[in-house]
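Below are the chains, spelled out letter by letter.
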Amino acid sequence: MGNLIRAQFYRYRRSGLFWLSMLACLIFGYICGEETAYVYHYYGYQHGRFNALLFLPLFIILAVFLSAAIGREYSDGTLRNQVIAGSTRACIFGSQLLCSVLVSLLFSALFVGTFLYRAWEIPLAYLPVREKLSALAILLCVNCTFAVLFTVGSLSIPSRELGLLFNLFLLGCLVISSGATLGRLNQLEMLPDPSPKQVEMTSEEVAAFKEGSFPGSVEGQGGPDGIMTYYKYVMDPLRQTPNPRYLRGAQRKAAEIWVSVVPYGQISQTVAHLNNLLTDEQSASTPVLLPFPAYCLGLSGLVALAGLAVFRKKELR
């Protein structure tokens, strides 16, 4: 397997896309750090928060590079020649997987390095060192998991273009589903009752209404003695109604498991945790970040085993 890995990185170094991808990681890392620092400078720490979408370019660059690189292995007949030369399919699959993980770590280092260079003092300086290291470890684990997903997808689809479309579609589905699920989980259980309450107006308010200076809606009702009584409509903050979008019971438990296992859901929860630390909004609902690397490892292992089973039966041309 060592010879396969060395040969793979030799082909990487001769590829212009490899160097272009590293340059893109540097540029987008700096841009995302600049965006974070810019918002902080102009709006303060209450608005200068982290955004999970800032890390999306890193995953897109990784998907594009791995899809193109592995697709070229198919088109050039490299994988077929390796089998003819005596390499087992398990070794070929493992070398591709390991090279993809190493590339993802390299891309992460470039992206995060320029991001931290621009946003280290603002607002990262307010975070404890332990939280910074935990968030960095989760980002690296998530990127490695995406590398495994993209590699298995590209090895299962010989076409470079179809492999790229599949990986980008997979990334989009994971991003959208995790964001939508987190939105449902963050819904309030009870909402203020939108129906206004009718309250009798005071004499001062009636006088203001007759003068045309009273704001809001007013309704007048005549009594049997001919005296007009005026009512105003106000919102009662104590009146609440159940939120139909709030998840309960088994649905809520399933949603919590989903966003904890899905890689991009882990990034979103980590970013929310850092934002809570910046604004000192700790609560009992703060996610526990420690299991996330274990979830990444478990998901990567399952996907790798499934991908190996498919690759062993695949015909190489």
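On a predicted model such as this, the values are computed, not experimentally measured, just so you know. (Residues numbered from 1 in each chain as written. Predicted model: local features only at pLDDT ≥ 70, side-chain atom pairs only at ≥ 80, totals over all residues. Heavy atoms only, no water.)

Brief notes about the overall build of the protein chain
Counted only if it meets this: Going along the chain from the N terminus, every DSSP run of H or I of four or more residues is numbered as a helix, and every run of E of two or more is numbered as a strand. By the convention used here, residues are in contact when the closest approach between their heavy atoms is within 4.5 Å. Per-residue accessibility takes into account occlusion by the displayed protein chains alone, with areas from the Shrake-Rupley method and a 1.4 Å probe.
Helix and strand counts for the protein chain come out as eleven helices and five strands. Excluding contacts between residues fewer than 6 apart, the proportion of contacts in the protein chain whose partners are at least 24 apart in sequence is 81%. Summed over all atoms, the accessible surface of the protein chain reaches about 17200 Å², with 63% contributed by carbon and sulfur.

Some details on the nonpolar core
A general feature of soluble globular proteins is that nonpolar side chains tend to end up buried together. Selection criterion: Only buried Ala, Val, Leu, Ile, Met, Phe, Trp, Tyr and Cys residues count toward a nonpolar core, and they belong to the same one when joined by side-chain atoms within 4.5 Å. Any residue under 20% of the maximum accessible area for its type is buried, any over 50% is exposed, and the rest in between are partly exposed; the area is computed with a 1.4 Å probe on protein chains only.
Ranked by internal contacts, the top residues of the largest apolar core, which has 62 residues, are Phe59, Phe107 and Phe146. Of all the secondary structure elements, the ones that give two or more residues to this core are helix 1 (2-13), helix 2 (16-43), helix 3 (56-75), helix 5 (89-119), helix 6 (129-156), helix 7 (160-185), helix 10 (263-279) and helix 11 (291-313). Here the element with the most residues in this core is helix 6; it accounts for eleven residues. Residues within four places of Phe146 in sequence aside, it is in contact with Phe59, Leu62, Leu171, Leu174, Pro263 and Tyr264.

Describing helix 3
What counts, and what does not: Between the first and last residue of a helix there are one fewer steps than residues, each counted as 1.5 Å, and that sum is the expected span.
Here helix 3 spans 29 Å end to end across 20 residues, near enough to the 28 Å set by a 1.5 Å rise per residue. Counting buried positions over the 20 residues of helix 3 gives 15, a clear majority of the element. Looking one or two residues past helix 3, Gly77 carries a phi angle of roughly 75 degrees, positive in sign.

Observations regarding the confidence of the model for the protein chain
We count it as follows: Values of pLDDT, the confidence the predictor places in each residue, fall between 0 and 100.
The pLDDT averaged across the protein chain works out to 82; a share of 84% of its residues lies at or above 70. Taken element by element, the protein chain is modelled with least confidence in strand 3 (residues 218-222), mean pLDDT 69, and with most confidence in helix 3, mean pLDDT 91. Taken together, the stretch residues 281-287 has pLDDT below 50 and engages in nine contacts with residues farther than four places along the chain or on a different chain.

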